[in-house]
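# A look at the structure
Each chain is listed here by its residues.
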Amino acid sequence: MPEANRLVLEVKDLKKHFPIKKGLLRRTAGYVYAVDGVSLSIRAGQTLALVGESGCGKSTVGRTVLRLTEPTAGEIRINGTDITHLNKAELRPYRRQMQIIFQDPFSSLDPRMSAGEIVGEPLRVHGVGNARERRARVADIFKRVGLRAEHVDNYPHQFSGGQRQRIGIARALALEPNLIIGDEPVSALDVSIQAQILNLVMDLQDEFGLTYLFISHNLAVVEHVSHHIAVMYLGRIVEYTDKRTLFTAPLHPYTESLLAAVPVPDPSIRRKKIVLQGDVPSPVKPPPGCHFHTRCPYAFDRCKVEDPKLREVRPGQLVACHSR
Amino acid sequence: MAAIETIEAGPRRESRLATFRFYARRYPLGAAGAAIAAIFVLMAIFAPWITQVDPTATNPRISLAFPSSEHPLGADFLGRDMWSRIVYGARISLAVGLGSTGLGALFGVTIGLTSGYFGGWYDLIVQRVMDMMQSLPLLVMALVMTAALGPSLENTIIAISIPLIPTVARVIRSNTLMLREMPFIEAARAVGMNELSIALRHVLPNTLAPLIVLATAQLGSTILVEAALSFLGLGVPEPHPSWGRMLSESAAEYVRVAPWLVIFPGAAISLAVFGTNLLGDALRDILDPRQRD
């Protein structure tokens, strides 16, 4: 397969059900259906954004792909290799190919390690080079993410939020991975800093040919960085398409309502308002049939009993809805 | 680039002396504590050079002697030189304090870290054992231990260290429980670090600050427990000069006729406890990088 079309990440029917333990004997009283059958794939050098409300399972998808939590069912392929059932030792070499950038630039850096130690740790763990070579490599990464090399000995608390996020990005880059999962990497930052970090993330993508799974609840951010977008609702993907189509011609009623909620800076523009009624149902007891039918303005009888499959409604646009 | 701000440099690593001076100026009380502790340590190490008088030699002619140029702190009932006994007593107190705190911290940290980090049934069982150990007060527990092991310096150290284990284990465990959910632990996992390295490199150093405070506070109380045990005849046996026994023996009988026999060992104990507490407070601040700028 040509390099540009190579699939870096393939996820098939991924499920993650967290057991709810109750009582003294820790019996399993039920499950949180955090991720309930998610399939997605990302080609080399592309960014797939995973969007949805908080609690829809998007972060769990990211963590499960990295095997930071064990999948309940499904299949995860990194660069063609199935890593779903690898044990820790077998998984280690694949960890070099996939890394994560965290949301919170404060709690994601060990306060007792210097910035240089934090960025150099992945290299040390994987036995890359000797101490001097690693130091040189860390200084090099520092420059690439816009930090000054002389700050390697400073501690995280001596940096600002934006700089700390750069350290987190530098750590993720250290092992030269193909795939980087960004778990809301800018949502804890000030808006002015967000733009800088997003531009950095995109520059690095061009420079290193990185592939991103970008998890976010902010559609404006997603519009800036992504090539494709998958919309999640209650553990399932409801719509998947390229960025332009999603913003101009969304098909799923949930996507429509999300887009209607994006604030527009121009007050003369009038848009169709779709305000969803009620709350997101609990992932412990997801509604039968289509998960969205309880809040969907177009729901009809079939939606309450039959779970709609994700199917290609228009070329390149996949939607899980009976009325489309 | 605009994104780069200048960062105030912390203390530079020019020399150890300069670093020490930097901290001494910032934490004058800590420096005082360090000075007190250093005096006692030096006293313990150089005891034979500081005083030529044998601390165990008796002399009936100077029984209960008032402080004089020959015997600067007076002499006890058996005519043993008090100055010499206090100087040599620093060895006992230091051995008991450091030995039992170190031993207690070693086991406490190991138990607390493993139990907090790995959790599950192991944690449940270990914590119930710790509950049982903690249901007895430090002194009572130490009493039972020395009574069982018999009086000697080593046994005193062991006896005092055992009740410290659950205290340390609890503090470390509760810290570990909080730390293991932190994203930087997840980052280490994403890199492929094994669990033991994560526990040692990321969790343990972050529990250091409360451990140091706890250990220095306990250092003082171990000296007090040793004194109490010696008072009850179960601590460090005669003829070793123990501050605690010196204080308790004299307090019972000679406080009216020879108050210096009570004042000097009492002052030594108080000063040692006070000094280690001051030092511990400063160390906690210094060892936490967040406090450094």
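Before going further, it helps to spend a moment on the domain arrangement of chain A. Residues and elements named next belong to chain A. Domains assigned within chain A are domain 1 (3–97 + 177–319) and domain 2 (107–176). Taking the mean C-alpha position of each, domain 1 and domain 2 sit 29 Å from one another. Facing the 10 residues of domain 1 at the interface are 12 residues of domain 2. Among the residues making up the side of domain 1 that touches domain 2, the classes are represented as 8 nonpolar, 1 polar and 1 charged.

Another aspect to go through is the pairing of strand E11 (residues 311–314) of chain A. Residue and element names in this part refer to chain A. Looking at chain direction, E11 and strand E12 (residues 317–319) are connected through 3 bridges and run antiparallel. Residue pairing for E12: Arg314 is matched across the bridge by Gln317. Here E11 folds back onto E12 in antiparallel fashion, the turn holding 2 residues, of which Gly316 has a positive phi close to 80°.

Residues and elements named next belong to chain A. If you check the backbone angles, Arg67 has positive phi at about 60° while not being a glycine. Positive phi values are uncommon outside glycine, yet Glu184 reaches one of about 50°. Mapping Glu184 onto the fold places it in the loop between strand E7 (179–183) and helix H6 (191–208). On the basis of neighbour counts, which here come to 20 C-beta atoms within 10 Å, the residue Glu184 falls in the buried class.

Think of interface size as the accessible area that goes away when the parts come together; that is how it is often given. Contacts between the two partners involve 30 residues from chain A and, on the opposite side, 21 residues from chain B. The element contributing the most residues to the side of chain A that touches chain B is helix H3 (residues 115–125) of chain A, with 3 residues. Partitioning the side of chain A that touches chain B into residue classes produces 10 nonpolar, 12 polar and 8 charged.

The next point concerns the sheet that holds strand E2 (residues 27–43) of chain A. Residues and elements named next belong to chain A. Read across the sheet, 4 strands follow the order E2-E1-E4-E5 without closing on themselves; strand pairing throughout is antiparallel. Each edge of the open sheet carries a strand with a single partner, namely E2 and strand E5 (81–82). Alignment of strand E4 (residues 73–78) against E5, held across 2 bridges, turns out to be antiparallel. By the bridge assignment, Ile78 is partnered in E5 with Thr81. Relative to strand E1 (residues 7–22), helix H1 (residues 58–65) is tilted by about 110°, and along the sheet it contacts E1, E2 and E4.

Let us now look at the packing of helix H2 (residues 28–45) of chain B against helix H4 (residues 82–118) of chain B. Residue and element names in this part refer to chain B. The geometry of H2 relative to H4 is characterised by a closest axis approach of 7 Å and an angle of 105° between their N-to-C directions. Classed by the angle they form, the pair H2 and H4 counts as roughly perpendicular. For the pair formed by H2 and H4, the contact residues are Phe40, Val41, Met43 and Ala44 on the first element and Val87, Ala90, Arg91 and Leu94 on the second. Its residues placed into classes, the contact of H2 with H4 shows 7 nonpolar, no polar and 1 charged.

Residues and elements named next belong to chain B. Taking 1.5 Å of rise per residue, the 24 residues of helix H10 (residues 208–231) would be expected to cover 34 Å, and the 34 Å separating its terminal C-alpha atoms lies within 8% of that figure. Burial analysis of H10 places 17 of its 24 residues in the buried class, the great majority of the element. Looking one or two residues beyond H10, the residue adopting positive phi is Gly233, at roughly 80°.

Counting 152 residues, the largest nonpolar core has Leu50, Ala170, Ile181, Leu213, Ala230, Val231 and Ile237 of chain A as the members making the most contacts within it. Among the elements that line this core, the one with the most residues is H4 of chain B, at 12 residues. When sequence neighbours within four positions are dropped, the list of residues in contact with Leu213 of chain A reads Leu9, Ile42, Leu48, Leu50, Gly62, Val65, Leu179 and Ile181 of chain A.

Residues and elements named next belong to chain A. The sheet built from 8 strands is open, its strands ordered E6-E7-E8-E3-E9-E10-E12-E11 with mixed pairing. The sheet is open, and its two edges are formed by strand E6 (98–101) and E11, each paired on a single side. The sheet shows a mean angle of 25° between the axes of neighbouring strands, taken without regard to direction. Looking at chain direction, strand E10 (residues 236–242) and E12 are connected through 2 bridges and run antiparallel. Bridge pairing in E12 links Tyr240 to Leu318. Its contacts with the sheet put helix H5 (residues 161–173) on E6 and E7, and the angle it makes with E6 is roughly 175°.

Right, let's get into the pairing of strand E9 (residues 228–233) of chain A. Residue and element names in this part refer to chain A. Extensive coverage of E9 is indicated by the burial of 6 of its 6 residues. Burial along E9 is two-sided: His228, Ala230 and Met232 and Ile229, Val231 and Tyr233, pointing in opposite directions, are all buried. Here strand E3 (residues 47–51) pairs with E9 via 4 bridges, running parallel. Directly across from Leu48, in E9, lies its bridge partner His228. Sheet topology note: the E9/E10 ladder contains 6 bridges and is antiparallel.

Let us now look at helix H6 (residues 138–149) of chain B. Residues and elements named next belong to chain B. In this model, H6 (12 residues) spans 16 Å end to end at C-alpha, consistent with the 16 Å of a helix rising 1.5 Å per residue. What H6 keeps buried is the set Met141, Ala142, Leu143 and Thr146. Next to the buried residues of H6 lie helix H7 (153–179) and H10. One or two steps after H6, the chain reaches Gly150, where phi turns positive at roughly 90°.

Cut-offs used in this document
Residues numbered from 1 in each chain as written. Chains lettered and ligands numbered in written order. Predicted model: local features only at pLDDT ≥ 70, side-chain atom pairs only at ≥ 80, totals over all residues. Domains from an automatic or database assignment. Contact = placed C-beta atoms within 7 Å. Nonpolar A, V, L, I, M, F, W, Y, C, P; charged D, E, K, R; others polar. Pairing = 2+ DSSP bridges. Helix = DSSP H or I, 4+ residues; strand = E, 2+ residues; numbered from the N terminus. Buried ≥ 20, exposed ≤ 12 C-beta atoms within 10 Å, placed from the backbone. Axes fitted to C-alpha atoms, helices over the stretch in contact; angles between N-to-C directions. Parallel < 35°, antiparallel > 145°, perpendicular 65-115°, else oblique. Expected span 1.5 Å × (residues − 1). Core = buried A, V, L, I, M, F, W, Y, C linked by C-beta atoms within 7 Å.

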